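# Structural overview
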Amino acid sequence: MTLPPGQRAVDGFPRFGTHLHRPAPPVPADPVIELCGALAEAVTLSVTDIAELPRQEVRADFHCVAGWSATDLLWEGVPFNTLYRTRVEPLLGADAPVSHVSFEGLDGYRSVVLLEDALADDVLIADRLDGQPLDSDHGAPVRLVSPGQYGYVNIKHLCRVEFHTSEPPVTDRWSPLAGHGRARVWKEERHRYLPGRVVRPVYRTLIGPIRALSARGSRTSPR
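What you see is a predicted model, and the numbers here were worked out from it, not measured in a lab.

### Some points on unusual backbone geometry
- The omega angle of the peptide bond from Ala140 to Pro141 is 5°, so this bond is cis rather than trans.
- Looking at the secondary structure, you find Pro141 in the loop between strand S9 (132-133) and strand S10 (143-145).
- Residues other than glycine seldom take positive phi values, yet Asp72 does so here, at roughly 60°.
- Relative to the helices and strands, Asp72 is located in strand S5 (residues 68-79).
- The phi dihedral of Glu188 falls on the positive side, at around 50°, and the residue is not glycine.
- Looking at Glu188, the relative accessible area reads 10%, which means it is buried.

### Some thoughts on helix H4 (residues 196-204)
- Of all the residues in H4, the buried ones are Gly196, Val199 and Tyr203. In a view along the axis of H4, the buried residues occupy a sector of 70°, so they form one face of it. Within H4, the exposed residues directed more than 90 degrees away from the buried face are Arg197 and Pro201.

### Brief notes about the pattern of salt bridges
- In this structure the tally under the stated criterion is 14 salt bridges.
- Measuring nitrogen to oxygen at the nearest pair gives 2.7 Å for the salt bridge that ties Asp127 to Arg55. With a gap of 72 residues between them, Asp127 in strand S8 (residues 124-129) and Arg55 in the loop between helix H1 (47-51) and strand S4 (56-63) connect regions that are remote in the sequence.
- Looking at Asp127, the relative accessible area reads 15%, which means it is buried.
- Accessibility expressed as a relative area gives 34% for Arg55, which makes it partly exposed.
- Residues participating in the shared-partner salt-bridge network are Glu34, Glu104, Arg160 and Glu162.

### Some thoughts on the sheet that holds strand S2 (residues 32-37)
- The strand order S3-S2-S11-S6-S7 describes an open sheet built from five strands, whose pairing is mixed. At either end of the open sheet lies a strand with only one pairing partner, and these are strand S3 (43-46) and strand S7 (110-114). Neighbour to neighbour, the strand axes of the sheet diverge by 20° on average, direction disregarded.
- Taken together, the four bridges between S2 and strand S11 (residues 158-164) define a ladder with parallel strand orientation. Among the inter-strand pairings, Cys36 is bridged to a residue of S11, identified as Glu162.
- With respect to the sheet, helix H2 (residues 80-88) is in contact with S2, S3, strand S6 (100-105) and S11, its orientation differing from that of S11 by roughly 65°.

### Quick word on the packing of aromatic side chains
- Counted by the stated rule, this structure contains eight aromatic pairs.
- Where Phe80 meets Phe163, the ring centres are 6.5 Å apart and the plane angle is 20°; that geometry is what we call stacked. Linking Phe80 in helix H2 with Phe163 in strand S11, this pair joins segments that are 83 residues apart in sequence.
- Using a relative accessible area of 0% as the deciding quantity, one classes Phe80 as buried.
- Residue classification places Phe163 among the buried residues on the basis of a relative accessible area of 2%.
- Between Tyr84 and Phe163 the ring centres are 5.8 Å apart and the planes differ by 45°, which places this aromatic pair in the tilted class. Here the residue Tyr84 occupies a position in helix H2, and Phe163 occupies one in strand S11, the gap between them amounting to 79 residues.

### So, a nonpolar patch on the surface
- Together, Tyr193, Leu194 and Val198 line one region of the surface with nonpolar side chains, adding up to about 280 Å² of accessible area.
- With respect to the helices and strands, Leu194 occurs in the loop between S11 and H4.
- Given a relative accessible area of 42%, Leu194 falls into the partly exposed group.

### Here we look at the side chain of Arg182
- Note on placement: Arg182 falls in the loop between S11 and H4.
- Within polar-contact distance, the side chain of Arg182 engages the side chain of Glu116 at 3.4 Å.
- Every residue in contact with Arg182, bar those within four places of it in the chain, is listed here: Leu114, Glu116, Asp117, Gln149 and Glu189.

Cut-offs applied
- All residue numbers refer to position in the chain's written sequence, counted from 1.
- Only residues with pLDDT of at least 70 get local features here, since the model is predicted, and only at 80 or more are side-chain atom pairs given and counted; chain-wide, interface and lining totals rely on the full set of residues.
- Values reported for side chains reflect all heavy atoms of the structure, with hydrogen atoms and water molecules removed beforehand.
- We count a stretch as a helix when DSSP gives it H or I for four or more residues in a row; a strand needs E for two or more, and each element gets its number in order from the N terminus.
- Accessibility here uses a 1.4 Å probe with only protein chains present; expressed as a share of the type maximum, an area under 20% marks a residue as buried, one over 50% as exposed, and anything in between as partly exposed.
- Throughout, the arc means that of the directions going from the helix axis to the C-beta atoms.
- By salt bridge we mean one thing: a side-chain nitrogen of Lys or Arg within 4 Å of a carboxyl oxygen of Asp or Glu.
- Strands were regarded as paired on the criterion that DSSP finds at least two bridges between them.
- Here, axes are lines fitted to C-alpha atoms. For helices the fit covers the stretch in contact, and angles between N-to-C directions go from 0 to 180 degrees.
- Between two residues, a contact is recorded if the distance between any of their heavy atoms is within 4.5 Å.
- Ring pairs shown here join Phe, Tyr and Trp side chains whose ring centres sit within 6.5 Å, with only the six-membered ring taken for Trp; geometry is labelled stacked below 30 degrees between planes, edge-to-face above 60, and tilted in between.
- Only residues above 30% relative accessible area that lack a salt bridge enter a patch, with like-charged residues linked at up to 9 Å and the nonpolar side chains Val, Leu, Ile, Met, Phe, Trp and Tyr linked at up to 5 Å.
- Only the protein chains shown count as cover for residues, with accessible areas throughout obtained via the Shrake-Rupley method and a probe of 1.4 Å.
- Distance and chemistry together define a polar contact, namely a pair of N or O atoms within 3.5 Å, with one atom able to donate a hydrogen and the other to accept it when in protein, and with adjacent residues in sequence counting only for side-chain atoms on both sides.

Below is the structure:
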């Protein structure tokens, strides 16, 4: 098994995310995803409607920026490029091409992705993992899965997708853990300013505390 630079395989698939010591946000009775931004009009789609689009399975590893990798995961859902081509492109103006996409979860976490990265063939709006519906620890009801990018891009509990004609303002610019804008795992783009190999030792020291906090907030037993 070959992993990207600086990654180490772990057993299972640890819970990760923001507010780690607390449970995941509750799932609404009728979950929806809002599509907005540089569109002629905002659109709200139910998760059920999205699930009826052509579906795809992707078997891939998941790589946390801290340095651990969960291997051989089987995701299922709707390719993001299918959602974009069928539901977003008809609402775009030719004079303002989309360059970036932001994804937001029910927990308030947000990531910004270049459109070309979001349209990769293996990027999914996923609702199933290893043959089962997503549980609360791993992003129910639906989440972004982008195997070629570090975990902080892969937003859980997805509820909003916004399309931009220029890069949105960076909110973590001065954070010591400022994430790289593209987060490509094979280029080891971990940090916005520092080379990946430089921050590896620092990030690895965070794995233990993060896993302990995550376990405290988990609603399910470890996988």
